[in-house]
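Here is how the chains run, residue by residue.
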2 protein chains.
Amino acid sequence: MAEVARAAGVSVMTVSYAYGQPGRVSDEARAKVREAAERLGYPGPHPGARSLRSGRTGNLGVVLGEHLTYAFDDPQATRFLSGVAQVCADHGMALTLVPVTGSPSDVDRVTEAAVDAFVVWTTADDDPVIDAISATGLPAVVHGGPRRDGLSFVAADDRAAATAVGREVFAGARRPGVLSFPLDRARLSGVTSGAPLNDALPAGSGPLPPGGIDPDASTFRVTRQRLRGYRDAWAETGGDWSQVRVAVCSTNSAREAETFAAELLTGPYACDAIAAMSDELALGVLRAATRLGLTVPGGLTLSGWDDSDAAAPAGLTTVAQSLRDQGARCARTALDHLTPADRDTEVAWHLISRTSTRRA
Amino acid sequence: MAEVARAAGVSVMTVSYAYGQPGRVSDEARAKVREAAERLGYPGPHPGARSLRSGRTGNLGVVLGEHLTYAFDDPQATRFLSGVAQVCADHGMALTLVPVTGSPSDVDRVTEAAVDAFVVWTTADDDPVIDAISATGLPAVVHGGPRRDGLSFVAADDRAAATAVGREVFAGARRPGVLSFPLDRARLSGVTSGAPLNDALPAGSGPLPPGGIDPDASTFRVTRQRLRGYRDAWAETGGDWSQVRVAVCSTNSAREAETFAAELLTGPYACDAIAAMSDELALGVLRAATRLGLTVPGGLTLSGWDDSDAAAPAGLTTVAQSLRDQGARCARTALDHLTPADRDTEVAWHLISRTSTRRA
DNA sequence: CTGTTAGCGCCTTCAT
DNA sequence: ATGAAGGCGCTAACAG
């Protein structure tokens with residue numbers, strides 16, 4: 001900028017004004033500056049230097065609890081981010097995805113991120129990234145969990161929703177099953193209740209603890225609350241949680257779900273009702289059921305979650321919630337500089353009963 | 001940092017080293033620094049200031065030619081970005097999505113972006129954003145087009161691929177049709193060749209010029225090359241381009257495609273072969289065909305593009321190319337600081353013949 | 001191993 | 001309407 005000033009025969013400040021507050025500079029001076037800048041190939045004020053002075057970066061940081069590519073690989077995350085992106089565009093803010101990979105150095109990545117605020121996608125209670133974000137002192141909004149003092153929190157009442165959809169899918173069932181998201185950061189996957197453990201799984205998979213799943217032990221708040229809700233629903237019918245088989249998928253993919261569903265749907269304790277934690281997983285169940293010649297809801301009742309595009313055509317009973325709206329709300333909350341610990345937000349959901357359950 | 005230094009009884013540089021080059025500082029000094037930082041709630045070196053000194057931001061900028069939310073709404077863009085994200089994660093770089101919205105101020109957004117390099121998703125030849133990126137002098141890689149001196153370029157040979165798939169889908173056809181991406185930034189949509197123009201379209205839509213589509217007039221390189229390729233393929237059968245009906249979609253969505261396909265498939269000049277520029281669009285055609293009671297390939301031959309997950313189950317003949325790999329390659333090229341104007345890269349593609357065409 | 005010096009490029013403050 | 005200091009928070013490059 002100094003060079004441009006010299007070339008234009010004006011002071012540095014005039015150049016700065018010419019860019020930052022064009023109205024405060026004479027047309028003549030501005031023209032000289034533009035000309036000199038053009039000639040020297042000056043690309044305009046350096047964004048980094050500018051942000052050092054102003055204290056603003058113009059970036060909203062988004063942290064995926066999982067891995068950076070997760071943002072584009074999981075349909076739920078994608079919809080959420082679409083909402084975040086919309087708000088960013090409205091505010092002229094860039095959207096910076098922090099490159100977490102699951103390694104301990106993720107904490108450094110967070111600390112080094114040049115952003116004005118954070119939005120955090122569902123992660124585990126013991127994820128150190130949450131502490132790192134908290135330590136930055138920047139405004140931050142956590143979606144889905146964990147809850148933390150000083151960080152805002154946006155989520156649906158997953159437990160109540162799970163109870164509602166559980167009533168629907170478990171009505172009249174004798175052998176209920178649940179297809180669950182990972183329980184904790186270890187992301188172990190497998191099937192409970194004596195079913196053979198699945199070995200052919202991606203790295204990081206391993207056997208589940210025998211003897212069933214304790215909802216309270218899950219460190220992902222969303223998973224925990226949904227398991228509790230399903231348990232509540234089954235308890236209402238007079239059933240016991242230990243009767244409910246649980247398969248845990250390590251990813252939100254129909255392919256993995258199909259494999260586990262095949263296990264849940266065969267053998268001496270074959271399920272006749274499955275509550276899945278996403279439509280994606282439910283679709284995998286549907287494929288497995290079709291291959292096994294099971295009719296829905298005659299031979300199997302099934303529920304999903306999210307009311308994705310594929311849910312309606314598939315006749316899937318599901319919990320409708322707009323991840324896109326939730327993303328938008330998170331971004332807005334983060335950018336509005338709401339004072340930390342501002343009141344948390346509970347978002348809306350509603351049950352959609354379709355033909356995959358019997359009470360519709 | 002100065003405060004921390006004072007509180008720890010050391011110099012500012014010792015604090016700086018304690019964070020940036022821990023090995024260069026005695027354990028004792030480091031402990032004092034950590035303690036003081038903890039006590040004062042010092043969150044670590046300010047990323048902006050650090051990057052001002054070092055000249056690196058740790059951000060890879062990605063510009064979507066369209067709109068920021070496009071990144072998460074279009075499956076093709078999503079796959080591409082997944083590849084970009086993977087490389088970013090490997091390099092510990094953050095991925096910054098520049099908030100373009102289609103307005104003229106997008107140029108400012110680009111200029112203000114604090115990034116070390118740019119990756120640009122397919123845009124039009126006359127998009128001013130390209131000039132703005134070029135003016136920053138930063139390394140930049142353009143995917144799909146336009147080509148520009150000083151910017152690297154990654155794309156498949158779309159024309160050759162379109163010719164190959166065109167031969168397949170137009171074989172034995174009497175009334176060929178094409179379902180195209182937008183021709184230019186105006187994104188007008190509609191159907192050519194005497195068919196009624198579709199008015200019920202999103203904002204920004206309008207009538208197409210009568211008398212057919214001139215491939216050379218499209219300012220999107222990808223669209224232009226594919227149209228030329230389809231024209232070449234039809235010409236090989238002795239046909240004339242003016243016989244080919246073209247429907248232009250303003251978005252890459254099955255829903256819009258279904259509407260236009262219904263037009264292409266009815267009336268006195270109903271098509272018996274349709275080449276679509278994406279699997280997404282082809283799937284829309286398939287839905288329209290099903291509703292009209294047409295069999296594929298008996299009553300209609302059909303081709304897509306990309307070999308997305310849905311292509312194989314649908315039996316869709318298509319052009320396979322890995323958008324994810326292309327995203328990764330773009331990111332790698334951008335981050336390797338390849339000198340601008342480094343050799344352009346042509347990426348691989350291959351034809352997959354399935355049951356939606358007759359030559360399989 | 002630690003400290004000193006000198007800015008990175010810009011913009012806020014206060015003159016002129 | 002323009003210009004001269006000074007400093008945002010940090011770190012390369014040198015001493016000691």
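Structural data are supplied above this passage.
Sequence order sets the numbering: in each chain, residues are counted from 1 along the sequence as written. To read the labels, note that chains go from A and ligands from 1, taken in the order they are written. Predicted model: local features are reported for residues with pLDDT of at least 70 only, side-chain atom pairs are reported and counted for 80 or more only, and whole-chain, interface and lining totals are derived from all residues. Neither water nor hydrogens contribute to the side-chain values; these are computed over all heavy atoms in the structure.

Enquirer: Report on the protein's contact with DNA strand C, specifying residues and quantitative values.
Expert: Taken together, 23 residues lie around DNA strand C, and Ser16 and Tyr42 of chain A together with Thr14, Ser26 and Arg53 of chain B are the ones closest in. Near, as used in this document, describes a residue that has one of its heavy atoms within 4 Å of the molecule or strand being considered. The share of sugar and phosphate among atoms of DNA strand C within 4 Å of the protein is 56%. Within 3.5 Å is the distance limit for a polar contact, defined as a pair of N or O atoms, with the added protein rule that one can donate a hydrogen and the other accept it, and that residues adjacent in sequence qualify only through two side-chain atoms. One of the side-chain nitrogen or oxygen atoms of Tyr42 of chain A is found 2.6 Å away from a phosphate oxygen of DNA strand C. Of the residues belonging to the surface near DNA strand C, the class tally is 13 nonpolar, six polar and four charged. Each residue gets one of three labels, nonpolar for Ala, Val, Leu, Ile, Met, Phe, Trp, Tyr, Cys and Pro, charged for Asp, Glu, Lys and Arg, and polar for the others, Gly among them.

Enquirer: A description of the protein's contact with DNA strand D should follow, citing residues and the corresponding values.
Expert: With respect to spatial proximity, 25 residues lie near DNA strand D, and among them Thr14 and Ser26 of chain A together with Met1, Ser16 and Tyr42 of chain B are the closest. A distance of 3.4 Å separates a base oxygen of DNA strand D from a polar atom in the side chain of Tyr17 of chain A. Arg24 of chain B places a side-chain nitrogen or oxygen 3.3 Å from a base nitrogen of DNA strand D. Elements are defined by DSSP. Helices are runs of H or I of four residues or more, strands are runs of E of two residues or more, and each kind is numbered from the N terminus. At the level of elements, α2 (12-20) and α4 (47-54) of chain A together with α2 (12-20) and α4 (47-54) of chain B are the ones that each hand at least two residues to the surface near DNA strand D. A breakdown of the residues in the surface near DNA strand D according to their chemical character gives 14 nonpolar, six polar and five charged.

Enquirer: Before we move on, could you go through the interface of chain B and chain A and cite the residues and values that matter?
Expert: Note on interface size: it is often stated as the accessible area lost on association of the parts. Counting from both sides, the interface comprises 34 residues of chain B and, opposite them, 34 residues of chain A. Note on definitions: buried area is the accessible-area loss of two parts on being combined, 1.4 Å probe, summed for both. Interface area, chain B with chain A, both sides summed: about 2900 Å², of which 67% is carbon and sulfur. It is Pro47, Leu52 and Phe72 of chain B that lose the most area in chain B upon contact with chain A, and together they represent 19% of the buried surface on that side. Salt bridges are identified by distance alone: a Lys or Arg side-chain nitrogen within 4 Å of an Asp or Glu carboxyl oxygen. Linking chain B with chain A are two salt bridges, by the criterion used here. The partner of Arg324 of chain B in a salt bridge is Asp73 of chain A, with the nearest N and O atoms 3.0 Å apart. One can count seven residue pairs in polar contact (both at pLDDT 80 or more) joining chain B with chain A. Of all the secondary-structure elements, those providing two or more residues to the side of chain B that touches chain A are α4, α5 (70-73), α6 (75-91), β2 (94-97), α7 (106-112) and α8 (128-136) of chain B. If you tally residues by element for the side of chain B that touches chain A, the top one is α6 of chain B, at seven residues. Contact between two residues is taken to exist if any of their heavy atoms lie within 4.5 Å; hydrogens are not considered.

Enquirer: I'd like a description of the pairing of β2 of chain B, backed by residues and values.
Expert: A two-sided burial pattern is seen for β2 of chain B, the buried positions comprising Ala94 and Thr96 of chain B on one face and Leu95 and Leu97 of chain B on the other. The pairing criterion is simple: DSSP has to find at least two bridges between the two strands. Bridging between strand β2 (residues 94-97) of chain A and β2 of chain B involves three bridges; their strand directions are antiparallel. Among the inter-strand pairings, Thr96 of chain A is bridged to a residue of β2 of chain B, identified as Thr96 of chain B. Looking at chain direction, strand β1 (residues 59-63) of chain B and β2 of chain B are connected through four bridges and run parallel. Within β2 of chain B, the residue paired with Val62 of chain B across the bridge is Leu97 of chain B. Throughout, exposure labels follow a simple rule: accessible area from a 1.4 Å probe, protein chains only, divided by the maximum for the residue type, with under 20% read as buried, over 50% as exposed, and the rest as partly exposed.

Enquirer: Outline the sheet that holds strand β6 (residues 176-180) of chain B, supporting the account with residue identities and numerical values.
Expert: All names here are of chain B. Ordered by their spatial adjacency, five strands build an open sheet running β7-β8-β6-β9-β10, and the pairing between neighbours is mixed. What marks the edges here is a single partner per strand, and that holds for β7 (190-191) and β10 (301-303). With four bridges connecting them, β6 and strand β9 (residues 273-276) associate as parallel partners. For Gly177, the partnering residue across the bridge sits in β9 and is Ile274. Lines fitted to the C-alpha atoms define the axes, with helices restricted to the stretch that makes contact. Angles between their N-to-C directions range from 0 to 180 degrees. The strands touched by helix α9 (residues 158-170) are β6, β9 and β10; relative to β9, the strand with the most contacts, the crossing angle is about 155°.

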